[in-house]
Amino acid sequence: MKQPASEAQHGGPDAAATSEPPTPATTASSTSAARSTEEKGGWRALGLRLDVRNLSLLGVLAALIIVGGITKPDQFLDTNNLQLVLTQASVIGVVTVGMTFVITSGGIDLSVGAIVALASVWATTLATQEYGFAGILFTAVVVGLGCGLVNGLLIAYGGMVPFIATLAMLASARGLALQLTDGKTQIVTVNSVLDLGIPDSYILGIPPLVLVFAAVTVIGWLVLNRTTFGRRTVAVGGNAEAARLAGIDVRRQRLYLYLLSGLCCGIAAFLLIILAGSGQNTNGNLYELDAIAAAIIGGTLLSGGRGTIVGSVLGVLVFTTITNIFALNNLQSDVQQIAKGAIIVAAVLVQRRTLRNGEA
Amino acid sequence: MPETSRRGLLFGTAAISAGAFLTACTSNEPDKKEPAANTQPAAADDKPGAPVTIGFAGPQADHGWLNAINENAKSRAAKYSEVTLDITEGSNDTAAQIGQVETLINKKVDVLVILPADGKALTQVGLKAMRAGIPVINLDRIFADPQAYRCWVGGDNYGMGVSAGNYIGEKLKDKPNAKVIELAGIDNLELTQQRTQGFDDALKNFPNIKKVARQAADFTVESGQAKMAQLLQAQPSFDALWNHDDDQGVGALRAIQQAGRDGFLMVGGAGAKAAMDAIKADNSVLKATVLYPPTMAASAIDLARALGQAKGVSGLAELEIPASLTCYSAVVDKENVDQYLPTGFS
């Protein structure tokens, strides 16, 4: 804990000077200079591209809303249904925001579902519930952060590939969650937590879960697009070596990113506890795939270097809306899964087309 | 080394106290009490007979029902002084479970009770045990070859659907144009299809009832909440709901509460303690649950013991234990809930 903190003051030059064998100073500075001008030119183009991508996804969403409105006008175009869709999107949405950061940096976090499961069961043990609202919230967040810290340390300082490190976390967090619960469903009896899930608690008709989701989205967008932290994330994902030469402490940046993803998982776990009124070791099943899929169809590059929070959130909304429309039309899960796959392909193809036209 | 900063110290202390708090929060023990597995008296021939060693191999107890299976087996075996239970660590991995059963065969246990993670995949090792002269009691998930077991004991998924359908039918038979919805379990499991088939077949007895919607959840609380919320939005009014599984039912009840809906009858499935408590309290839409009794594991121990002592089942004329035993899916409602409450699992 202490060492990285002390490095914060003189991390950049230190890391460049010590950890890498002789790179001539001139080369280093000229590469980074070239890199930074290139980046400046690239930023504007990037902004344009992101807009085009988001636009095409908005088109998909609009098409879905039309389909929903035509097939089930009464049930689909209804305030309750809007609340329902947004609430269902909140938990996975918060996870996806964290995932977007990790993917933008060129990493991947396969452990998000397992961390949500572990945080949600740890926060709902009988012993934790004795501490009430604060105990549950605190435990969920700290367990999320703790798992993120382990992921981050293994990847940034242990030199493990993100895929493997987070896969290991997936397995062990699920195992620990099972051990804590013995496979039992832990029902929450703390009313102050449960009350946040029922309509009485809605603020101006907006469920608290949706407010949290909105806040996480806005903060995520600001951090990614308007802060040094965000630029560093993009730089690390674009070219880690260049970022390091430009004076970014890549390892610390990676650590922070997995911590951030863990934090998002902790928050999501708390939302899930409110939503389901319980903690279960099967929670968060396949969240990793849903979050990755949402980020990718949103326009975040799986290879890193480009990320969009707005796109990711739109991706989540597209998936939640599909599920909603299918359920309202009483279509079964086999059809739902086929359609989901088809829509992923369609969304990405449409994006590529619009992208090419936009560039031409 | 740099000198310790105040911030570092603060974070360090905070981290340590958070760690201490979290460690204290792992406990799930309410107050010590007996596991509510099986409190019925043992069968008629309670007297100790010849010693029997029973090997038991099951899947990983990763949800309530499977956990209850293990507890039922253990507590039943503990009732008999002459029975030794050799229970393996549960595994969902076919190869691992085959290895565990082979170990039990090598240990030369007298009788094997096997609840396979996957019935078809464990058929060969069942055959191997039978050929080695160790009779196998196949619990619930059936082997592909009847020669792989001496006796099969398990639940009746089709019967569960039938019981649920008939119970709902009786309650709604005088209501014209009654609407029913179904919250199914994992759709790619055969057992879910069987439950739905039984439910549909039973509802055919009541021409006034129509099933208007069905969605499949995946046995988890989270999915139960999500799918039920959608079903409620899709169906502004209906008269009854059958939910296949009480675990996902926790989520379904939460969704019903969140939507502020009532005025219909809900029937659960499997027989969890939480569901039975709710039925007894009679303060929610949940009025009944259809059993898929975990006590079948206790019965399997009884059958294994009888087999090991070369006895039949008391109360029947046969000299040998039966070749198959299908447990009845009883409906538990307010009338009989006290009788079944001890078998409810959490």
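Quick note: structure is the one above.
Our subject in this report is the structure included herewith. Computed from a predicted structure; not experimentally measured. (Residues numbered from 1 in each chain as written. Chains lettered and ligands numbered in written order. Predicted model: local features only at pLDDT ≥ 70, side-chain atom pairs only at ≥ 80, totals over all residues. Heavy atoms only, no water.)

1. Focus: the overall build of chain B
Definition in use: Helix numbering and strand numbering both begin at the N terminus, where a helix is a DSSP run of H or I of at least 4 residues and a strand a DSSP run of E of at least 2. The classification of residues rests on relative accessible area computed with a 1.4 Å probe and restricted to protein chains. Under 20% of the type maximum is buried, over 50% is exposed, and intermediate values are partly exposed. For accessible areas, the Shrake-Rupley method is used with a probe of radius 1.4 Å. Any residue's cover is judged against the shown protein chains and nothing else. Counting rule for charge: Lys and Arg are taken as positive, Asp and Glu as negative, and neither His nor the chain ends is counted. Every charge is mapped onto a representative atom, which is NZ of Lys, CZ of Arg, CG of Asp or CD of Glu.
Of regular secondary structure, chain B possesses 11 helices and 12 strands. Seen along its three principal axes, the alpha-carbon backbone of chain B occupies a region of about 80 × 60 × 35 Å. Across the 346 residues in chain B, those meeting the buried criterion constitute 52%. Put simply, chain B shows about 15,300 Å² of open surface, and 53% of that area lies on carbon and sulfur atoms. Charge centroids of chain B, computed over 33 positive and 40 negative side chains, lie 2 Å from each other.

2. Notes on the interface of chain B and chain A
Our working definition: Only heavy atoms enter the contact rule, under which two residues are in contact if any of them lie within 4.5 Å. Once two parts are joined, some of their accessible surface, as seen by a 1.4 Å probe, is lost; buried area is that loss totalled over both. Any carboxyl oxygen of Asp or Glu that lies within 4 Å of a side-chain nitrogen of Lys or Arg is treated as forming a salt bridge with it. Under the rule applied, a polar contact is a pair of N or O atoms within 3.5 Å (in protein, one hydrogen donor and one hydrogen acceptor; residues adjacent in sequence only if both atoms are side-chain atoms). Under the convention adopted here, Pro, Cys and the residues Ala, Val, Leu, Ile, Met, Phe, Trp and Tyr are nonpolar, Asp, Glu, Lys and Arg are charged, and Gly plus all remaining residues are polar.
Taken together, the 46 residues of chain B in the interface contact 55 residues of chain A. A combined buried area of about 4,100 Å² lies between chain B and chain A, and 55% of that area is made up of carbon and sulfur atoms. Its largest share of buried area at the contact with chain A, chain B owes to E222, Q230 and Q233 of chain B, together 17% of the area lost on that side. At the junction of chain B and chain A, the tally comes to 0 salt bridges. Between chain B and chain A we count 26 residue pairs in polar contact (both at pLDDT 80 or more) in total. Mapped by element, the contributors of at least two residues to the side of chain B that touches chain A are α1 (6-24), α2 (64-79), β7 (209-216), α7 (221-234) and α8 (246-259) of chain B. Looking at which element gives the most residues to the side of chain B that touches chain A, the answer is α7 of chain B, with 9 residues. Its residues assigned to classes, the side of chain B that touches chain A shows 19 nonpolar, 17 polar and 10 charged.

3. A closer look at the pattern of salt bridges
Two side chains with opposite charge may pair up if their charged atoms get near one another. All names here are of chain B. Following the criterion strictly, the structure yields 17 salt bridges over all chains and no others. Put simply, R305 and E82 hold a salt bridge, and the shortest N to O gap is 2.8 Å. Separated by 223 residues along the polypeptide, R305 in helix α10 (residues 296-308) and E82 in the loop between α2 and β2 (83-87) bring together distant segments of the chain. Taken as a pair, R305 and E82 share a single burial class, namely buried. Between K175 and D239 there is a salt bridge, with its nearest N and O atoms 3.5 Å apart. Note that K175 is positioned in the loop between α5 (157-172) and β6 (178-184) and D239 in the loop between α7 and β8 (240-243), a separation of 64 residues in sequence. On the basis of relative accessible area, K175 is assigned to the partly exposed category, the value being 37%. In the salt-bridge network here, residues are joined through shared partners; they are E182, D187, D200, K211 and R214.

4. Quick look at the sheet that holds strand β12 (residues 331-333) of chain B
Residue and element names in this part refer to chain B. Inclusion rule: Each pair of strands is called paired provided DSSP finds at least two bridges between the two strands. All axes are obtained by fitting lines to C-alpha atoms, using only the stretch in contact for helices, and the reported angles, taken between N-to-C directions, cover 0 to 180 degrees.
In space, the 6 strands of this open sheet follow the order β7-β6-β8-β9-β10-β12, with mixed pairing throughout. Edge strands, defined here as strands with exactly one partner in the open sheet, are β7 and β12. Averaged over all pairs of adjacent strands, the angle between their axes in this sheet comes to 20°, without regard to strand direction. Looking at chain direction, strand β9 (residues 265-270) and strand β10 (residues 286-291) are connected through 5 bridges and run parallel. Bridge pairing in β10 links G269 to V290. Those strands touched by α7 are β6, β7 and β8, and its axis lies near 155° from that of β6.

5. Thoughts on unusual backbone geometry
The backbone of L286 of chain A sits at a positive phi, close to 60°, despite the residue not being glycine. Within the secondary structure, L286 of chain A sits in the loop between β2 (278-279) and α15 (287-298). By relative accessible area, which is 43% here, L286 of chain A ends up partly exposed. Positive phi outside glycine occurs at A270 of chain B, with the angle close to 95°. The residue A270 of chain B is located in strand β9 in this model. Its relative accessible area of 7% is what places A270 of chain B among the buried residues.

6. Comments concerning helix α5 (residues 79-104) of chain A
Because an α-helix packs 3.6 residues into every turn, residues spaced three or four apart end up facing the same way. Residues and elements named next belong to chain A. Worth spelling out the cut-off: Residue count minus one, scaled by 1.5 Å, sets the expected span of a helix. The term bend refers to the angle at a residue between two fitted axes, each drawn through seven residues, those ending there and those starting there.
In this model, α5 (26 residues) spans 35 Å end to end at C-alpha, consistent with the 38 Å of a helix rising 1.5 Å per residue. Where α5 bends most, at S90, the angle is about 45°. Among the 26 residues that make up α5, 22 are buried, leaving the element largely enclosed by the rest of the structure. In the segment just after α5, G106 is the residue with positive phi, at about 85°.

7. A look at the packing of α5 of chain A against helix α11 (residues 208-226) of chain A
Residues and elements named next belong to chain A. Our working rule: The scheme is simple: roughly parallel for angles under 35 degrees, roughly antiparallel for over 145, roughly perpendicular for 65 to 115, oblique for anything else. Each crossing gets its hand from how the near helix is turned against the far one by less than a right angle, where anticlockwise is left-handed and clockwise is right-handed.
Closest axis-to-axis distance for the α5/α11 pair is 8 Å, and the angle between their directions is 20°. In terms of orientation, α5 lies roughly parallel with respect to α11. At the point where α5 passes α11, the crossing takes the left-handed sense. Contacts between α5 and α11 pair L86, T87, A89, S90, G93, V94, V97, F101 and T104 from the former with L209, V210, F213, V216, T217, G220, V223 and L224 from the latter. Grouping the constituent residues of the contact of α5 with α11 by class yields 11 nonpolar, 6 polar and no charged.

8. Quick look at the sheet that holds strand β5 (residues 151-154) of chain B
Residues and elements named next belong to chain B. Spatially, 6 strands are ordered β2-β1-β3-β4-β5-β11 in an open sheet, and the strand pairing comes out parallel. The open sheet is flanked by β2 and β11 (324-326), the only strands paired with a single partner. Each neighbouring strand pair of the sheet contributes to a mean axis angle of 20°, computed without reference to strand direction. As paired strands, strand β3 (residues 111-114) and strand β4 (residues 136-139) are joined by 3 bridges and run parallel to one another. Directly across from I114, in β4, lies its bridge partner N138.

9. Some words on the environment of I206 of chain A
Here I206 of chain A lies in the loop between α10 (191-194) and α11. Considered as a pair, I206 of chain A and L145 of chain A are 61 residues apart in the sequence and their alpha carbons are 28 Å apart.

10. Let's talk about the side chain of R244 of chain A
Mapped onto the fold, R244 of chain A is located in helix α13 (residues 240-245). Of note is the side chain of R244 of chain A, whose polar atom sits 3.1 Å from the side chain of E241 of chain A.

11. Thoughts on the packing of aromatic side chains
Stated formally: Stacked, edge-to-face and tilted labels apply to pairs of Phe, Tyr and Trp rings (six-membered ring for Trp) whose centres lie within 6.5 Å, assigned for plane angles under 30 degrees, over 60, and everything in between, in that order. Here, a charge over a ring is recorded when the distance from Lys NZ or Arg CZ to the ring centre is within 6 Å and its angle to the ring normal is within 35 degrees.
Applying the stated criterion across every chain, the model contains 8 aromatic pairs over all chains. A ring pair is formed by F138 of chain A and F21 of chain B, whose centres lie 5.5 Å apart and whose planes are at 75°; its orientation type is edge-to-face. Of this pair, F138 of chain A sits in helix α8 (residues 132-157) while F21 of chain B sits in helix α1, each in a different chain. The class of F21 of chain B is buried, set by a relative accessible area of 18%. With a centroid separation of 5.0 Å and 40° between ring planes, the pair formed by F199 of chain B and W242 of chain B is classed as tilted. Here the residue F199 of chain B occupies a position in helix α6 (residues 190-203), and W242 of chain B occupies one in strand β8, the gap between them amounting to 43 residues. Take F199 of chain B and W242 of chain B: they sit in the same class, and that class is buried. Put simply, the rings of Y131 and F138 of chain A together with F21 of chain B pair up and form one aromatic cluster. The aromatic ring of F319 of chain A is capped on one face by K340 of chain A, whose charged end is 5.4 Å from the ring centroid.

12. So, the nonpolar core
The line we're drawing: For the purposes of this section, nonpolar cores are sets of buried Ala, Val, Leu, Ile, Met, Phe, Trp, Tyr and Cys residues that join through side-chain atoms within 4.5 Å.
If you look at the biggest cluster of nonpolar residues, it comprises 79 residues, and the most contacted ones within it are V116, L118, I136, Y287 and V318 of chain A. Ranked by size, the runner-up nonpolar core spans 50 residues in total, among them L66, V113, Y167 and A306 of chain B.

13. Brief notes about the packing of helix α6 (residues 112-122) of chain A against α8 of chain A
All names here are of chain A. Interaxial distance between α6 and α8 falls to 8 Å at its minimum, and their mutual angle equals 145°. In this structure, α6 meets α8 at a crossing whose hand is right-handed. Between α6 and α8, the contacting residues are I115, L118, A119 and W122 on the first element and T139, A140, V143, G144, C147 and N151 on the second. Residues that form the contact of α6 with α8 fall into these classes: 7 nonpolar, 3 polar and no charged.

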